[in-house]
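# Observations on the three-dimensional arrangement
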Amino acid sequence: MLAESFPSMIENVDPATASFAPLGWLTLLVLILVCAMTTPALVWVIRRQLPASARHPIDLEPVAFGSSLKSLRSPRQAVLQHRTLITTALVCVLAILVLPGVSAIRMLGLSALQVSIGLVLPTFVVALHARQRESSR
Amino acid sequence: MIGVGMAILWVGIVLLALVACAVLERRGRLAHSTRRGRWSAPRAAWGFDADRPPVVSLVARGLAGVARMVRSRTRVLDQSAWLRRIGRLISCVAFASGLALIPFAGTWGGRAAGRPLIVADLDHGLIAIVFLLLLMGFAQVGIGLADRSPWSRLGSVGIASQTLAGLGLLILVTAPLAVTSISDMSGLTDRAIASEIVAMTASSQPEARLQNIVAAQNSTFSPLFWLPKVLSGQVFDWIRDLRWPRWNIFVQPLTALLFWLALYGLTRRSWVANPETGSVCLAGFGLDHDPVDLYWGRLEARLARVFAAALFVSLFLGAGAIPFLRIGDVVDRLAPHVGFALPAFLAVGIGIGVFFGKLVFVLIADGMFRRSMANLRDDQRTRLVAFRLLPLAWANLLLVSATSLFVQGSPNQLSQMLLGGG
C-alpha cells in the first residue's frame, strides 16, 4: 500500500523549496520521548510493587566545598569562572554580528557599509551626547 | 505522511546509534580500566577501579542499571526536582527537533536535485540548529542550578561558558558553509550535476538550508586544478584531472576541524564522574548519584553525541553519498526494467545504510578524540577558544569568502580552468 502511494506523494513535493511538515516533527518528538520514558516508566511501575519500607527515598545532605572556613570562602574558582563567562558572552555577541553582516553585504554589496554607517553614526552620537550630559550633571 | 514515515525511520536509526554509543563507551571503559593511576577514585564511591574492573557484559550492565533505578531513590534536601525535570524535557525536545532537521535519507531516486527526504525541511535550518543548541545549553544550566551545591552551580557556569564559546565558534564556522553552498556551484566539475543543482536552487536560494549544503556535495572536484600549465606531461595532467568527492571535509578541511571542535564544546557534559576520562571532575552534576538522574544524564549525553555526529556527516561527509558513484544513474538504468519505484526505494535504503556507516565511523573517531583530549579547566578552554580558535575561524571565513568572491567574479575562467579549457 505504502509502496504504491509513496511515489505519487513524493512526486508532488517541490525539491527547490523547503516544506516543513509539523506532523513529521511531532511524530519524531513523541517517538523519541516515548522511547526515553519507557525505562523510567517501567522502573516506576516495578518500584510501586515493592513494599513501602523498601522504596522510601533516601535523604542526602547537600554537598559543600568543605568544612573549613577558608574553603567555604575561597572565591578564586568562582571569580575565574565569572570572568570567563563574561568574556565569552562578549565574544559571542561579537560573533553573532557576523551573520547579519555577511548576509547584508551579500545582498546590498558595498552599499551595506553606507547603510550601516547611517545606522551606527546617529546612535553613536546620541550615546556620546547622553553620556556627556550624564557626566556633567 | 512522508514526514511521519521519515520520522519512524529516523527514530530507528537514532536508537541504533545510541546502542552503538553505549558499545563504544564500553570498549573505551574496558580498554582504559587497567591504566588508571593511583589517584583514581575508588569504585565504592564512583563506580570503577583497576582492582575491581567494570562489568564486561553490556546486557548485564544495563540490567544492573535498571535494578539500581528500581531501588530507593536518593533525594537531596534543597534540590529543585521540577527545575531538573523541566531541564531534561527541554533538552530532549531540543535534541529531537535538531535531529528532525538533519537530511539523512538522501533524495528520492538518488538524484542530486531530487525530492529531499527529511522529517522537517526548513529554509534556515542552520540558524534553527544554532538556536536549538543554545536552548540545550540553557537546559543544562537549569539542571545545574536546580542543585544548590556549589559544585553543581560551578558546573552549570562551566556549561554556560562552554556553550557561549561553542556557539560563537559555531556561528563563525557555519558562515563559510552558508556562503559557499550556492556560490560554488559554478566550480563543479560535473556539468550535468552543476546545472541540475543550480536549476533546483535558482528559484530560491536559502543559503542556510541543510538540504542545499548536502546537495552541493553530490559531485566531484579537482583539488589540484591550479597547478600551472608550465608543468606539462601525462603525470601532471593526471594530477590536474584527479577528482575527489566534493565533500566539505575535502573542500574546507579547516572549517571541518573547527566545526568538530565547536560541537565538542557544545556537546560536552559536565558530570562529576566523567565516563570518558574516568576521572572525577572538579565541578559538575550527579553528586547525589541518583540512578534515574544518571539515566537521563547518560541518555542526554548520548543523544548530544549522535546529534553532533549526524550533523557532521550531513554537512561535511556528503550524508548518504557514495564516492564516485551516482546512485541516481543506477536507478535510471534499472528503471526501464523494473519500474522507477523499486530502484528508488533501493536507493533510499542504500543511502540510509551509507549514512549510518558514516555515523558509526564518526562516533568511533569522536570517542577516540574525546579520550585523547585533556580535561581543560574552564578558563583554559575559554582562552583556547577566544585567543586561538576564534581568530582562526575569522581567518577561515575571510579565506572562504575571498575564494567565493573570486569564483563568483570569474566563473567562466574558473570553469575553463577546472575543465581543462573544455
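## Looking at the overall build of chain A
Tallying secondary structure elements over chain A gives 6 helices and 1 strand in all. If you list the helices and strands of chain A from N to C, you get α-α-β-α-α-α-α. Residues classed as buried in chain A amount to 16% of the 137 residues present. Just so you have it, chain A exposes about 10100 Å², and 71% of that area is on carbon and sulfur atoms.

## Let's talk about the overall build of chain B
Helix and strand content of chain B: 16 helices and 5 strands. In chain B, which comprises 422 residues, the share counted as buried stands at 54%. Of the contacts made within chain B by residues no fewer than 6 positions apart, 79% connect residues no fewer than 24 positions apart. As displayed, chain B offers around 17900 Å² of accessible surface, 67% of which is attributable to carbon and sulfur atoms.

## Re the packing of aromatic side chains
All names here are of chain B. Counted under the stated rule, the structure contains 13 aromatic pairs over all chains. Seen in terms of ring centroids, Trp10 and Phe355 are 5.9 Å apart; in terms of plane orientation they differ by 75°. Their pairing is edge-to-face. Residue Trp10 is located in helix α1 (residues 2-32), and its partner Phe355 is located in helix α14 (residues 341-372); the two are separated by 345 residues in the primary sequence. Judged by relative accessible area, which is 0%, Phe355 ranks as buried. Between Tyr264 and Phe369, the aromatic rings sit 5.5 Å apart at their centres with planes inclined by 80°, giving edge-to-face as the arrangement. Taken together, the residues Tyr264 in helix α11 (residues 253-267) and Phe369 in helix α14 connect sequence positions 105 residues apart. On the basis of relative accessible area, Phe369 is assigned to the partly exposed category, the value being 22%.

## Quick word on a nonpolar patch on the surface
Residue and element names in this part refer to chain A. A cluster of nonpolar residues, Met107, Leu108, Leu110, Leu113, Val115, Ile117, Leu119, Val120, Leu121, Phe124 and Leu128, forms a patch on the protein surface that exposes about 1200 Å² of accessible area. For the nonpolar patch, the secondary-structure elements that each account for two or more residues are α5 (98-108) and α6 (111-136). Per element, the largest residue contribution to the nonpolar patch is 8 residues, and it comes from α6. Structurally, the position occupied by Leu119 is in helix α6. With relative accessibility at 59%, the residue Leu119 sits in the exposed group.

## A word on helix α2 (residues 22-49) of chain A
Residue and element names in this part refer to chain A. With 28 residues, α2 extends 39 Å from end C-alpha to end C-alpha; this agrees with the ideal 40 Å at 1.5 Å per step. The axis of α2 is deflected most strongly, by about 35°, at Thr38, and proline Pro40 appears within four residues downstream. Within α2, burial applies to Gly24, Thr27, Leu28, Leu29, Ile32, Ala36, Pro40, Val43 and Arg47.

## Regarding the side chain of Gln217(B)
Residues and elements named next belong to chain B. If you trace the backbone, Gln217 turns up in the loop between α8 (210-215) and β2 (220-221). A polar side-chain atom of Gln217 sits 3.0 Å from the main-chain carbonyl oxygen of Ser314. A distance of 3.1 Å separates the side chain of Gln217 from the backbone oxygen of Leu315, its partner in a polar contact. In this structure, Gln217 is in contact with Arg246, Trp247, Asn248, Ser314, Leu315, Phe316, Leu317 and Gly318, ignoring residues within four places of it in sequence.

## A word on the pattern of salt bridges
Residue and element names in this part refer to chain B. Across all of its chains, the model carries 7 salt bridges over all chains by this definition. For the salt bridge of Arg84 with Asp293, the shortest nitrogen-to-oxygen distance reads 2.3 Å. With Arg84 in helix α4 (residues 81-100) and Asp293 in helix α12 (residues 291-316), the pair connects residues that are 209 residues apart, well separated along the chain. Arg84 gets classed as buried once you look at its relative accessible area, which sits at 6%. Asp293 gets classed as buried once you look at its relative accessible area, which sits at 11%.

## Description of unusual backbone geometry
Residue and element names in this part refer to chain B. With a phi angle near 55°, Ala319 is a residue other than glycine that sits in the positive phi range. Position of Ala319 relative to the elements: it lies in the loop between α12 and α13 (327-338). Despite not being glycine, Phe324 shows a phi value in the positive range, around 60°. Position of Phe324 among the secondary structure elements: in the loop between α12 and α13. The class of Phe324 is exposed, set by a relative accessible area of 59%.

## Let's talk about the confidence of the model for chain A
Low-pLDDT stretches of the model should not have their predicted coordinates read in fine detail. Looking at chain A as a whole, its pLDDT mean stands at 73, while 64% of the residues score no less than 70. For chain A, helix α3 (residues 69-73) of chain A is the element with the lowest average pLDDT, namely 57, and α2(A) is the one with the highest, namely 90.

## Let's talk about the packing of α11(B) against α14(B)
Residues and elements named next belong to chain B. One way to put it is that α11 packs onto α14 with a least axis distance of 12 Å and a crossing angle of 75°. As summarised for this structure, α11 and α14 are arranged roughly perpendicular, according to the angle between their axes. For the pair formed by α11 and α14, the contact residues are Trp260, Leu261, Tyr264 and Thr267 on the first element and Val362, Ala365, Asp366, Phe369 and Arg370 on the second. For the contact of α11 with α14, a count of residues per class yields 6 nonpolar, 1 polar and 2 charged.

The rules behind the values
Residues numbered from 1 in each chain as written. Chains lettered and ligands numbered in written order. Predicted model: local features only at pLDDT ≥ 70, side-chain atom pairs only at ≥ 80, totals over all residues. Heavy atoms only, no water. Helix = DSSP H or I, 4+ residues; strand = E, 2+ residues; numbered from the N terminus. Buried < 20%, exposed > 50% of the residue type's maximum accessible area, 1.4 Å probe, protein only. Areas by Shrake-Rupley, 256 points an atom, 1.4 Å probe, with all protein chains shown as cover. Contact = heavy atoms within 4.5 Å. Phe/Tyr/Trp six-rings, centres within 6.5 Å; stacked < 30°, edge-to-face > 60°. Patch = residues over 30% accessible without salt bridge, like charges linked within 9 Å, V, L, I, M, F, W, Y side chains within 5 Å. Salt bridge = Lys/Arg side-chain N within 4 Å of Asp/Glu carboxyl O. Expected span 1.5 Å × (residues − 1). Bend = angle between axes of the 7 residues up to and from the residue. Polar contact = N/O pair within 3.5 Å; in protein donor to acceptor, adjacent residues only side chain to side chain. pLDDT = per-residue confidence, 0-100. Axes fitted to C-alpha atoms, helices over the stretch in contact; angles between N-to-C directions. Parallel < 35°, antiparallel > 145°, perpendicular 65-115°, else oblique. Nonpolar A, V, L, I, M, F, W, Y, C, P; charged D, E, K, R; others polar.

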